[in-house]
Amino acid sequence: MTPPDSLVGRGNEEGAALFRSWFEELGGVAERKQGAAYVFVMGSVVEILKSFDMPVVFPEIASLQTAIRRVAHEYLNEAEDLGYSPDICGYVKADVALQRRGGQHPMGTIPRPSIAVYTNACNTYIKWAEIWERMYGIPIVTIDVPGTRQAGCQTWPGERRFENDRRYVEGQLRELIATCETVTGQAFDIDKLRETMGHANRVSTCWARVLALNRSRPSLFNALTDGTIYLGVADGFRGTPEGTRYFERLVEELEYKAAHGIGTTTEERYRLSFLGVPCYPIFRRFNELFAEWGGTFVSSTYLWFASGGTNRDYQYDLADPIASLAEGLLLSVRDAMDSMFHPHTMVRQMIEDYAIDGVVFHPIKSCRTVSTGLADSRRALMEETGLNSLFIESDMMDRRVVSEAQLKNRIDAFFEGLASRRAQTLAAGGA
Ligand code: SF4
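Residues numbered from 1 in each chain as written. Predicted model: local features only at pLDDT ≥ 70, side-chain atom pairs only at ≥ 80, totals over all residues. Heavy atoms only, no water.

Turning to the overall build of the protein chain, a few remarks are in order. Along the backbone of the protein chain there are 18 helices and 10 strands. Each principal axis of the C-alpha distribution contributes one length, and for the protein chain these read about 70 × 50 × 50 Å. Taken over 431 residues, the protein chain has a buried fraction of 56%. When the accessible surface of the protein chain is summed, it comes to about 17,700 Å², and 49% of that surface belongs to carbon and sulfur atoms. Between the centroid of the 46 positive side chains of the protein chain and the centroid of its 56 negative side chains there is a distance of 2 Å. (Helix = DSSP H or I, 4+ residues; strand = E, 2+ residues; numbered from the N terminus. Buried < 20%, exposed > 50% of the residue type's maximum accessible area, 1.4 Å probe, protein only. Areas by Shrake-Rupley, 256 points an atom, 1.4 Å probe, with all protein chains shown as cover. Lys, Arg positive; Asp, Glu negative; His and termini not counted. Charge placed at Lys NZ, Arg CZ, Asp CG, Glu CD.)

What follows is the structure, given as structure tokens:
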């Protein structure tokens, strides 16, 4: 049996090690002057790309790493000097500067793209890929995934409208496979696809289990900090044996912590839910502003939409891989879009399960896709639940619009409100 002291915390260590190995591998690809498949977190379709042995780059992850490593401003400035507006997605601008620097990145060298594959989950994906098309003349493939047409009116497998949508997505996947054959010069191998999909199934099951395990009291991981490490592995290593092994070991760690009452913090006073994209320029400090009050993030919609809806634990049917891949893509990307656009409806379901005391809405300047509806979402959630909430604005890349002092003032006031509400509830004899 694994000794407990090596079990606790290994998910973070092994996640960081996997990340380093991934970037090292990409550095090798760049050195050999080979290209990589560029994909995005919402609907990456890595199952197909990895069945063609393509190295995969997630430009969103590469960009956010420049912010965590505190050099994003250098990249943003370079892109803005070229005429890119301060208002557009910071990930795009960091990537533009990275491409102009020949892939130079604080974690190594990122290879150039040989193909870009993306869904319509974010409109920026489409315009972003067009930049690479202009720079490198590579094929870019849009997969149009129908989303929810009307709140509460989603269709499901077996229903006529759903099956029409599934066939529509399946046709696009078959075209993607043909394009991959042209790009790689390799014939499509359906058994290899089955293999990657089998690994993706295991990662999906484990990812859903990881998220559910955080219902424990005390919570087992911080959804904003630890969760982002796990998320990176869920995206980057989906469909691989390394990803499967990592997540099986992570579940083992978290189950051990749950069984022994080992929390992520020694003092959990307030259980919070986070809605939006993290503040990467002051990633650790942002969390500390909450931790200082005993606040910990037990859930985050980021872990849903930025995993491309993997939280749904959709299981591919390996007997009919392409049709099943289309069905899984349809369900998971639709769920990711719903988590972004209507987060209150998703969070509403978990308030009781996760015993949430307050919700933090974090709209950011340069991601309109996620931020635009957050004010309405907050109003709706407060009307429906009366839960305490905080609405703070900053950015995921641009430190010029991150004011730690202002954030701290708002966060302190939020906790004072939570404390006073708790005191009133206790005085009234409530739980
Ligand atoms: S979702 Fe937001 S951060 Fe991601 S690519 Fe779209 S605009 Fe940029």
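We now examine the environment of Ile322. The residue Ile322 is located in helix H14 (residues 321-341) in this model. Along the backbone, Ile322 and Glu170 are 152 residues apart, and their C-alpha atoms lie at a distance of 6.7 Å. If we skip the residues at most four places from it in the chain, Ile322 touches Glu170, Leu173, Arg174, Ile177, Phe188, Ile190 and Leu193. (Contact = heavy atoms within 4.5 Å.)

Further remarks concern the packing of aromatic side chains. Evaluated as defined, the whole model comprises 27 aromatic pairs. Between Tyr246 and Phe247 the ring centres are 5.1 Å apart and the planes differ by 90 degrees, which places this aromatic pair in the edge-to-face class. We classify Tyr246 as buried; its relative accessible area is 3%. Given the relative accessible area of 0%, Phe247 is considered buried. Centroid distance Tyr270 to Phe415: 5.6 Å. Interplanar angle 50 degrees. Geometry classified as tilted. With Tyr270 in strand S7 (residues 270-276) and Phe415 in helix H18 (residues 404-427), this residue pair connects regions lying 145 residues apart in the sequence. Each member of the pair, Tyr270 together with Phe415, is buried. (Phe/Tyr/Trp six-rings, centres within 6.5 Å; stacked < 30°, edge-to-face > 60°.)

A separate point is the pairing of strand S8 (residues 295-300). For S8, the buried fraction is high: 6 of the 6 residues fall into the buried class. Looking at chain direction, S7 and S8 are connected through 5 bridges and run parallel. Counterpart to Tyr270 in the pairing with S8 is Gly295. (Pairing = 2+ DSSP bridges.)

Sheet strands pair by backbone hydrogen bonding; their relative direction is either parallel or antiparallel. Judged by pairing direction, the sheet is parallel, and its 4 strands sit side by side in the order S8-S7-S9-S10 without closing on themselves. The open sheet has two edge strands with one neighbour each: S8 and strand S10 (388-391). Neighbour-to-neighbour, the strand axes of this sheet turn through a mean angle of 30 degrees, independent of strand direction. Across the sheet, H18 is in contact with S7, S8, strand S9 (358-362) and S10; its angle to S10 comes to roughly 175 degrees. (Axes fitted to C-alpha atoms, helices over the stretch in contact; angles between N-to-C directions.)

Attention shifts here to the pattern of salt bridges. Going through the model one piece at a time under the given rule, you end up with 28 salt bridges. Between Arg174 and Glu170 there is a salt bridge, and its shortest N-O distance comes to 2.9 Å. Residue Arg174 and its partner Glu170 are both found in helix H8 (residues 160-184); the two are separated by 4 residues, about one turn of the helix. On the basis of relative accessibility, which here comes to 13%, the residue Glu170 falls in the buried class. Bridged by salt links that share partners, the residues Glu80, Lys93, Lys365, Asp398 and Arg400 form one connected network. (Salt bridge = Lys/Arg side-chain N within 4 Å of Asp/Glu carboxyl O.)

Moving on, we get to the nonpolar core. Ile48, Tyr91, Phe247 and Phe290 are the most contacted members of the largest nonpolar core, which totals 139 residues. If we ignore the near neighbours within four places in the chain, the residues touching Ile48 are Leu173, Leu176, Ile177, Cys180, Leu193 and Leu325. (Core = buried A, V, L, I, M, F, W, Y, C linked by side-chain atoms within 4.5 Å.)

With that out of the way, let us pick up the sheet that holds strand S1 (residues 36-38). What the 4 strands build is an open sheet, ordered S2-S1-S5-S6; its pairing is parallel. Across the chains shown, the open sheet's two edge strands, defined by having one partner strand only, are strand S2 (56-57) and strand S6 (140-143). For S1 and S2, the ladder comprises 2 bridges, and the chain directions are parallel. Of the residues in S2, the one forming a bridge with Ala37 is Val56.

What follows is about helix H5 (residues 72-81). In an α-helix, one full turn covers 3.6 residues, which means residues spaced three or four apart are oriented alike. Along H5, the positions that sit buried rather than exposed are Ala72, Tyr75, Leu76, Ala79 and Glu80. With its buried residues spanning 130 degrees around the axis, H5 presents them on a single face. One or two residues past the end of H5 sits Gly83, with phi positive at roughly 115 degrees. (Arc of directions from axis to C-beta.)

Note the cis peptide between Arg217 and Pro218, where omega equals 0 degrees. Looking at where Pro218 falls in the secondary structure, it is placed in the loop between helix H9 (190-213) and helix H10 (226-236). Although it is not a glycine, Ala355 adopts a positive phi angle of roughly 50 degrees. Along the chain, Ala355 turns up in the loop between helix H15 (343-350) and S9. Residue classification places Ala355 among the partly exposed residues on the basis of a relative accessible area of 22%.

Turning our eyes to something else, we now look at the side chain of Thr244. With respect to the helices and strands, the residue Thr244 is situated in helix H11 (residues 241-259). Reaching out from Thr244, the side chain makes a polar contact with the side chain of His199 at a distance of 2.9 Å. Apart from residues no more than four positions distant in its own chain, Thr244 is found in contact with His199, Arg202 and Val203. (Polar contact = N/O pair within 3.5 Å; in protein donor to acceptor, adjacent residues only side chain to side chain.)

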